[in-house]
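Structural overview
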Amino acid sequence: MFEQFAKINTIPRPSKCEEQMIEYLKGWGEAHGLDTQVDQTGNVIIRKPATKGYEDRKTVILQSHMDMVCDKLVDVDFDFDHDAIQTYVDGEWLRAKGTTLGADDGIGCAIELAILEADNIEHGPLECVFTRDEETGLSGAEGMKSGFMTGDYLINLDSEDEGEIFVSCAGGRNTTAKFTFEREEAPKGSFFLKAQLKGLCGGHSGDDINKKRANAIKLLGRFLFQTWNRYDGVRLAQFHSGKLHNAIPRDGMIVIAVPHDVKENVKADWNVFSAQVEDEFHVTDTQMVWTMESADDEPVINPQVARNFVWALQAIDNGIYAICQDPELNGMVETSSNIAAIHTSETEICILSSQRSNVMSNLDNMCATIRATFQLAGAEAWSSDGYPAWKMKAESHLRDTVVGCYKELFGREPVVRGIHAGLECGLFSERYPALDMVSFGPTLRDVHTPDERLLIPTVQMVWDHLLLVLKRI
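Described below are features of the structure shown in this document.

Notes on the layout of surface pockets
In this model, the largest pocket occupies a volume close to 330 Å³. Lining the largest pocket we find 22 residues, and of these Asp161, Asp207, Asn210, Lys211 and Arg417 sit closest to its centre. Looking at the lining of the largest pocket, the elements with two or more residues in it are β20 (415-419) and β22 (444-445). Here the residues of the lining of the largest pocket sort into six nonpolar, six polar and ten charged. Volume-wise, the second largest pocket comes out at about 280 Å³. Taken together, the elements giving at least two residues each to the lining of the second largest pocket come down to α5 (216-230) and β16 (319-323). With three residues, α5 is the largest single contributor of residues to the lining of the second largest pocket.

Written as structure tokens, this is what we have:
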């Protein structure tokens, strides 16, 4: 598995740019004499016949996604379109040097390739599926036609907590807002300041949304709202933070113009605000770095548009909105929203946010709440079509087998639960309603951030567990 993972991490595979990975998988399957197909979307399937004595078993689909979230530390020079991920071992963890690791979901792909290559594993007919572009909208699974997969059971290898068996996932949509404006000169006597915040934990906007981590956009927005209310003549020139819809933003930068006679007050306010926020998030975000320095003069955003934007940013819902009422899902987050990225250009402020819910009507409601907030402030706002939730089946032979094999191997009950994140199982459940599905995988932490890491001992556990399931199913 680790040999396969090392090779995968030499192949550039940003979301929507997986062509090299597709060609690698296609060539790999053909080189091993296995039935290999690529569909019109770019998903790859490699079929392996049953081992002797297992020909009468039902077909099991193993599924992972080939793309990865590409994020790096701000001071790291790295090109995700050309450079290989540089990994290293840190105790029991595998990490990358200043970038995302790509174990989400490269380790799932590596497990599949290792099983396809092995000649000493007992299993029925296998279909190993590698989908593209999972991270930016699940478009690979969305584009897959009925009939591409033919198996009876599907094991998704895109979960991040060993010992937990996932049987449900959230649906999700993105909501985008856009303010348009004309720039103008700042009031005479203005002094320009650049404020930067970095070093936040960030994390996955679904799976980590319940950890009460700081959001760089919300914090910078709070400071702007406070400053706007405290001093006349404040102007906004730039706001940049976040990159991806499915990541909690961990750094950001604003440029503001303030009256010259209050610039020292604003600097003092920044220091007080930073101390208060550090105390507020002293458990979750212990490495915050706050800086404020003078900046060059530049045209500023129309003050009414800027004010409306700042007020909307203060008002916007962010974090947990509702908790699941189903007792079998153990108080899992049901509905949430994450404001993920803001960028300014010469004439526009663009805001990207992500909403998730296991209840599709509440997902619609959450998206409407976000849109209404921005529309009241004068912005255009719209929501994407998104992807559906995956509902837990009342009866599942696969789930029972997976749980039984885990107890047999490790002598304890696994946790059976849902996840507040999007899995391709939601789309598969629409396209293949008869499929019996579960999801599990080794332990990952801080995915979608440069702190992403893989707990090495859990990879062996997942391997042993999966092999026993394939033998017993």
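This is not the end of the story, as more comes after the structure.
Side note on empty space enclosed by the protein
Tallied over the full model, the rule gives four cavities of 30 Å³ or more. Here the largest cavity is characterised by a volume of approximately 170 Å³. The residue inventory of the lining of the largest cavity, partitioned by class, reads five nonpolar, six polar and seven charged. Lining the second largest cavity are Asp71, Gly242, Lys243, Leu244, Ala247, Ile248, Pro249, Arg250, Asp251, Ala340, His448 and Thr449. The class makeup of the residues in the lining of the second largest cavity is five nonpolar, three polar and four charged.

Quick look at the sheet that holds strand β4 (residues 87-90)
Taken together, four strands build an open sheet; the order of strands is β4-β5-β23-β22 and the sheet is antiparallel. In the strand order of this sheet, the two ends are held by β4 and β22, each with one partner. Where β4 meets strand β5 (residues 93-96), four bridges bridge the pair, whose relative direction is antiparallel. In the strand pairing of β5, valine 89 is matched with leucine 94. Sheet strands in contact with helix α11 (residues 456-472) are β4, β5 and β23 (453-455), and its direction is about 60° off that of β23.

A short note on the side chain of threonine 443
With respect to the helices and strands, threonine 443 occurs in the loop between β21 (436-439) and β22. A polar side-chain atom of threonine 443 sits 3.1 Å from the main-chain amide nitrogen of glutamate 162. For threonine 443, the contacting residues outside a window of four places in its chain are Trp93, Glu160, Asp161, Glu162, Arg453, Leu454, Leu455 and Thr458.

With respect to the nonpolar core
In terms of nonpolar packing, the biggest core is built from 57 residues, with Leu62, Ile115, Phe130, Ile155 and Leu466 touching the most fellow members. Looking at this core element by element, the count peaks at nine residues for helix α3 (residues 103-117). Dropping the residues within four chain positions of it, isoleucine 155 is found in contact with Val60, Ile61, Leu62, Gln63, Leu398, Val438, Phe440, Leu466 and Val469. Counting 50 residues, the second-largest nonpolar core is a separate cluster that includes Val234, Phe239, Ile254 and Ile342.

About the criteria used
Residues numbered from 1 in each chain as written. Predicted model: local features only at pLDDT ≥ 70, side-chain atom pairs only at ≥ 80, totals over all residues. Heavy atoms only, no water. 1 Å grid on protein atoms, 1.4 Å probe; cavity = no way out; pocket = protein on both sides within 12 Å on 5 of 7 lines; lining within 4 Å. Points joined across faces, edges and corners; volume = space filled by probe spheres on them. Helix = DSSP H or I, 4+ residues; strand = E, 2+ residues; numbered from the N terminus. Nonpolar A, V, L, I, M, F, W, Y, C, P; charged D, E, K, R; others polar. Pairing = 2+ DSSP bridges. Contact = heavy atoms within 4.5 Å. Axes fitted to C-alpha atoms, helices over the stretch in contact; angles between N-to-C directions. Polar contact = N/O pair within 3.5 Å; in protein donor to acceptor, adjacent residues only side chain to side chain. Core = buried A, V, L, I, M, F, W, Y, C linked by side-chain atoms within 4.5 Å. Buried < 20%, exposed > 50% of the residue type's maximum accessible area, 1.4 Å probe, protein only.

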